[in-house]
Amino acid sequence: EPAVVERIWYEFQGQPGLTCWFGEVLTETYNPGIDQPITMAHFKGVYADALDLLPNNNILNLISKAKQEQYKPLVLELFQTKTKLKFTFADLFINFLYMNGVVSVEQAHLGENYVKFSCPYVQKQLFSYFARELFHGLDGLYDPFEDLSDTITENRLNIPRLLHRYEQYLQANQAQVLKDAPRRREDLRVYEAVFHFHLYLYLTRFLSNYKAQVQPEFPTGNGSIDLLIRH
């Protein structure tokens, strides 16, 4: 279906290795039948597996570059939402990440260029990797026999109450959460991305017993992030 073609372009931005790999998975490995059109419902199922289940050497290589100590601060800085980073090949760190497919160029106007992640799929994979690297697991989100009906039931989800619970959890565990969090060298402030990662994993863990899904989306390729909950 045309919508599937458009979504493939959006997610992979025409990167040959990733596009061809996903195209093969979608049309051959997971193909329900060559006599049926590939629908968006089919795409979403395959894409979910492409994020979590299917190995990809391109992504493993990108992660191996992005996690190196000298480049990791720049990658984490890209997840902040306040300001964009100017793109220039003269910056050796930006140059390295660009040449290895981690970042790309966003041209706002002629002569005004910014750094962005190379495509949404790469951004999601890096987000997931660093979130789990920083926070292996979250414990004690609520007492085993606690009544959660004010927050979630089988057919209802109270978002303000859920966020209030997160606020309480963060206040009670702030020292542990921030103990080993990476900090910016210039002012020793915790990277904004750390809080994105922690909230995402908290929601994922809290909702895991209710067949709910939490999915990060990045509408601009820069630091802006939406956390979508399907329940």
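Per chain, residues are indexed from 1 in the order of the written sequence. At least 70 in pLDDT is required for a residue's local features to be given in this predicted model, at least 80 for side-chain atom pairs to be given and counted, and no such filter applies to totals for whole chains, interfaces and linings, which use all residues. Heavy atoms from the whole structure form the basis of all side-chain values; hydrogens and water molecules are not counted.

Caption draft 1: Representation of the side chain of Lys-72 in the model. Helical segments are the DSSP runs of H or I of at least four residues, strand segments are the runs of E of at least two, and each set is numbered from the N terminus. Following the sequence through the fold, Lys-72 ends up in helix α5 (residues 72-77). Two N or O atoms count as a polar contact when they lie within 3.5 Å, although within protein this holds only if one can serve as hydrogen donor and the other as acceptor, and sequence-adjacent residues are included solely when both atoms are side-chain atoms. Side chain to side chain, Lys-72 and Glu-133 meet in a polar contact 2.9 Å long. The contacts of Lys-72, once residues within four sequence positions are left out, are Ala-66, Lys-67, Phe-130 and Glu-133. Contacts were defined at the residue level, with two residues in contact if any of their heavy atoms lie within 4.5 Å.

Caption draft 2: A look at the packing of helix α2 (residues 16-29) against helix α3 (residues 40-52). To obtain each axis, a line is fitted to C-alpha atoms, and for helices this fit is confined to the stretch in contact; angles are then taken between N-to-C directions over 0 to 180 degrees. Packing of α2 against α3 brings their axes to within 10 Å, and their N-to-C directions diverge by 125 degrees. With respect to α3, the axis of α2 lies oblique. The two elements α2 and α3 meet at a crossing, and its hand is right-handed. The residues of α3 that touch α2, namely those facing Trp-21, Phe-22, Val-25 and Leu-26, are His-42, Phe-43, Val-46, Tyr-47 and Ala-50. Each angle is binned into one of four classes, with values under 35 degrees roughly parallel, values over 145 roughly antiparallel, values of 65 to 115 roughly perpendicular, and all other values oblique. Each crossing gets its hand from how the near helix is turned against the far one by less than a right angle, where anticlockwise is left-handed and clockwise is right-handed.

Caption draft 3: Structural context of helix α1 (residues 2-12). Working definition: with a 1.4 Å probe on protein chains only, accessible area under 20% of the residue-type maximum means buried, over 50% means exposed, and in between means partly exposed. When we look at burial in α1, the residues that qualify are Val-4, Ile-8, Glu-11 and Phe-12. Viewed end-on, α1 has its buried residues packed into an arc of 75 degrees, placing them on one side of the element. Looking at α1, the residues exposed on the side facing more than 90 degrees away from the buried face are Pro-2, Glu-6 and Trp-9. Residues of α1 that are buried in the fold lie against α2, α3 and α7 (120-134). One or two residues past the end of α1 sits Gln-13, with phi positive at roughly 50 degrees. What the arc covers is the set of directions going from the helix axis to the C-beta atoms.

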